[in-house]
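Remarks on the overall topology
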Amino acid sequence: MRATTGIRIASLDGGTVEVTQGELDTLDARVEGPLVHPGDEGWDDAVLIWNRTVAKVPALIVQPTSARDVTAAVDFARRGGILMSIKGGGHNIAGTSLAERGLTLDMSRMRRVTVDPDVRLANVGPGCLLRDVDRATQEHGLATVLGFVSETGVAGLTLGGGFGYLTRRFGWAVDNLEEVEIVTAAGETVVANRETNAELFWGLRGGGGNLGVVTRFTFRLHEVGPTITGGLILWSADRADEVLRTYRDLT
Ligand SMILES: Cc1cc2nc3c(=O)[nH]c(=O)nc-3n(C[C@H](O)[C@H](O)[C@H](O)COP(=O)(O)OP(=O)(O)OC[C@H]3O[C@@H](n4cnc5c(N)ncnc54)[C@H](O)[C@@H]3O)c2cc1C
């Protein structure tokens, strides 16, 4: 059931603040994506995270569809001193994507991937799961370094460093991150790469998030597949001498 009389929401100082229905309506008018209240359709999916033992429940969810929506939500949170969190794939084991009684930005409506095979770059939305990126890049026989489990979020994985199947060959996810677009806490949308806002870019590549809301990741791509060899290789124990000697020489 949709709230009609405003809500109480967690504030940055540990207390709560009252948000009037008028303020919610103003936010609603500024964002294209929906505001989701407890009990609304889609609420359960929006608060679902990988670690089901985490019992944090936000007071309000915004599902942005663009950097502009993110800016509006960040402005709303900043002006009200409201506790805010960002949910990518929801795989952080401590449940940091959910703001207890606060505002959570659920990025699941920003899952677009565009691939430019000529320059070997992919622009990736912050709500993408690993599988979204792999599927889009593999259409061109390309891939970037992400993780092992396709349900994981690209955002949290990358901002934490990110390693996976291709790491031994091409480095960490952040080694292959060329650029981000990010909405800062001041509500500004900026680009960060190795030349522009380089210090911010450095912090984003492993700092674990919270330096702003990333609205686009740009990854370098590599030729991979479409046929790859993987999985377990087994030999019978009576060939152990031969196999271990070969493995030692090879490595
Ligand atoms: C089953 C499983 C398998 C995993 N496998 C791997 C693996 O192979 N390789 C690896 O490196 N890691 C792996 N991890 C760890 C995983 O990368 C981290 O838990 C990561 O935080 C998940 O990202 P997410 O977007 O799903 O998380 P979320 O919980 O949604 O987000 C994690 C944190 O990232 C920040 N964040 C999210 N989106 C944004 C954004 N747009 N802008 C700014 N900050 C943002 C938020 O602060 C949030 O608190 C795995 C985790 C699980 C549970």
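Residues numbered from 1 in each chain as written. Predicted model: local features only at pLDDT ≥ 70, side-chain atom pairs only at ≥ 80, totals over all residues.

**Quick word on the overall build of the protein**
Each helix and strand in the protein was counted, giving eight helices and 13 strands. Overall, the protein is about 75 × 40 × 30 Å in size when its C-alpha atoms are taken along their principal axes. Taking all 251 residues of the protein together, 38% fall into the buried category. Sequence separation of at least 24 residues holds for 59% of the intrachain contacts in the protein that already meet a minimum separation of 6. (Helix = DSSP H or I, 4+ residues; strand = E, 2+ residues; numbered from the N terminus. Buried ≥ 20, exposed ≤ 12 C-beta atoms within 10 Å, placed from the backbone. Contact = placed C-beta atoms within 7 Å.)

**Here's the deal with the site of the ligand**
Neighbouring the ligand are 30 residues, the closest being Gly88, Gly89, Gly147, Gly153 and Gly156. At the level of elements, β5 (84-87), α5 (154-159) and β12 (213-220) are the ones that each hand at least two residues to the shell around the ligand. By residue class, the composition of the shell around the ligand is 13 nonpolar, 16 polar and one charged. Taken domain by domain, the shell around the ligand gets at least three of its residues from each of domain 1 (7-109) and domain 2 (113-223). (Near = placed C-beta within 6 Å. Nonpolar A, V, L, I, M, F, W, Y, C, P; charged D, E, K, R; others polar. Domains from an automatic or database assignment.)

**Structural notes on the environment of threonine 53**
Of note, threonine 53 is situated in the loop between α2 (43-47) and β4 (60-62). Separated by 17 residues in sequence, threonine 53 and valine 70 have C-alpha atoms that sit 28 Å apart.

**Examining unusual backbone geometry**
Phi angles above zero are rare outside glycine, and arginine 101 is one such case at about 60°. With respect to the helices, strands and loops of the structure, arginine 101 is situated in the loop between β5 and β6 (103-106).

**A few points about the domain arrangement of the protein**
In terms of domain boundaries, the protein breaks down into domain 1 (7-109) and domain 2 (113-223). In this structure, domain 1 and domain 2 have C-alpha centres spaced 23 Å apart. Tallying the contact residues gives 16 residues for domain 1 and 17 residues for domain 2. For the side of domain 1 that touches domain 2, the element with the highest residue contribution is helix α3 (residues 67-80), accounting for six residues. Taken together, the residues of the side of domain 1 that touches domain 2 sort by class into six nonpolar, seven polar and three charged.

**Examining the pairing of β6**
Across the two faces of β6 the burial is the same, with Leu103 and Leu105 and Thr104 and Asp106 all buried. Summarising the sheet, β4 and β6 pair through three bridges and their orientation is parallel. Across the sheet, the residue bridging to leucine 60 is leucine 103, located in β6. Pairing between β5 and β6: four bridges, direction parallel. Paired with lysine 87 across the two strands is aspartate 106, which belongs to β6. (Pairing = 2+ DSSP bridges.)

**What to know about the environment of alanine 72**
Along the chain, the position of alanine 72 falls in helix α3. For the pair formed by alanine 72 and valine 31, sequence separation is 41 residues and the distance between their alpha carbons is 6.6 Å.

**A look at the nonpolar core**
Ala73, Leu103, Leu105, Val154 and Val213 are the most contacted members of the largest nonpolar core, which has 58 residues in total. Sort the elements by how many residues they give to this core and α3 lands first, with six residues. For this core, the two domains that each supply at least three residues are domain 1 (7-109) and domain 2 (113-223). Residue contacts for valine 154: discarding those within four places in its chain leaves Gly88, Val124, Cys128, Leu129, Leu130, Val133, Leu146 and Phe217. (Core = buried A, V, L, I, M, F, W, Y, C linked by C-beta atoms within 7 Å.)

**As for the sheet that holds strand β7 (residues 113-116)**
The five strands are arranged β7-β8-β12-β10-β11 in an open sheet whose pairing can be described as antiparallel. At either margin of the open sheet sits one strand with a lone partner, and together these are β7 and β11 (189-193). Ignoring strand direction, the axes of neighbouring strands in this sheet form an average angle of 15°. Direction of pairing for strand β8 (residues 121-124) relative to β12: antiparallel, over a ladder of four bridges. Note that in β12 the partner of leucine 121 across the bridge is arginine 220. Its contacts with the sheet put α3 on β10 (177-183), β11 and β12, and the angle it makes with β10 is roughly 45°. Docked against the sheet, helix α4 (residues 130-138) engages β7 and β8, running at close to 30° with respect to β7. (Axes fitted to C-alpha atoms, helices over the stretch in contact; angles between N-to-C directions.)

**Remarks on α3**
Between its terminal C-alpha atoms α3 stretches 20 Å, which fits the 20 Å expected from 14 residues at 1.5 Å a residue. Taken together, the buried positions of α3 are occupied by Asp69, Val70, Thr71, Ala72, Ala73, Val74, Phe76 and Ala77. Directly beyond the C-terminal end of α3, a positive phi value near 60° is found at glycine 81. (Expected span 1.5 Å × (residues − 1).)

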